[in-house]
Amino acid sequence: MINAFKEGTKQAYNTIGTPKEGTIFTLMKKCSEVEDKDNFQNLFLCFKETCEEWLKKTPELLPVLKEAGVIDSGGAGYNRIIEGMISAL
């Protein structure tokens, strides 16, 4: 599963000329860097923890978000997808 996340992240980065850090791309990359877990439930819980941690940091990585006082909406959506996967598991 981690390899799928890594490949998905690689493809997403290759699709965009110069993706900005502090967006959904950062969350995808950080999730793909988590260590393997003993089962899907624990893996996705780790993905969620990583998403939430980095989502809070998005305003520090992208000045326009900090100026507006918001987190990245794409990253927030990505986090919701992870939550949905956990719910399904």
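Description of the structure in this document. (Residues numbered from 1 in each chain as written. Predicted model: local features only at pLDDT ≥ 70, side-chain atom pairs only at ≥ 80, totals over all residues. Heavy atoms only, no water.)

**What about the environment of P59?**
Structurally, the position occupied by P59 is in helix α3 (residues 40–61). Separated by ten residues in the primary sequence, P59 and G69 place their C-alpha atoms 7.3 Å from one another. Ignoring sequence-local partners within four residues, the contact set of P59 consists of L65, K66, V70 and I71. (Helix = DSSP H or I, 4+ residues; strand = E, 2+ residues; numbered from the N terminus. Contact = heavy atoms within 4.5 Å.)

**Focus on the packing of aromatic side chains**
Per the counting criterion, the structure on display carries five aromatic pairs. Arranged with centres 6.3 Å apart and planes meeting at 75°, the rings of F40 and F44 form a pair that is edge-to-face. With F40 and F44 both in helix α3 and four residues apart, the pair spans about one turn of that helix. A cation over a ring is seen here: K57 above W54, with NZ or CZ 4.1 Å from the ring centre. (Phe/Tyr/Trp six-rings, centres within 6.5 Å; stacked < 30°, edge-to-face > 60°. Lys NZ or Arg CZ within 6 Å of the ring centre and 35° of its normal.)

**Examining the packing of helix α1 (residues 2–15) against helix α2 (residues 24–32)**
Relative orientation of the contacting elements α1 and α2 amounts to 150°, with a least axis distance of 8 Å. For the element pair α1 / α2, the angle class is roughly antiparallel. Classified by chirality, the crossing of α2 by α1 is left-handed. Between α1 and α2, the residues in contact are I2, F5, K6, G8, T9, A12 and Y13 and F25, T26, M28, K29, C31 and S32, respectively. Counted by class, the contact of α1 with α2 contains seven nonpolar, four polar and two charged residues. (Axes fitted to C-alpha atoms, helices over the stretch in contact; angles between N-to-C directions. Parallel < 35°, antiparallel > 145°, perpendicular 65-115°, else oblique. Left-handed = near helix turned anticlockwise from the far one by under 90°. Nonpolar A, V, L, I, M, F, W, Y, C, P; charged D, E, K, R; others polar.)

**Re the environment of F44**
Residue classification places F44 among the buried positions, given a relative accessible area of 4%. It is 9.9 Å that separates the C-alpha atoms of F44 and S87, two residues lying 43 residues apart in sequence. Apart from the residues within four sequence positions on either side, F44 is in contact with M1, F5, I82, M85, I86 and L89. (Buried < 20%, exposed > 50% of the residue type's maximum accessible area, 1.4 Å probe, protein only.)

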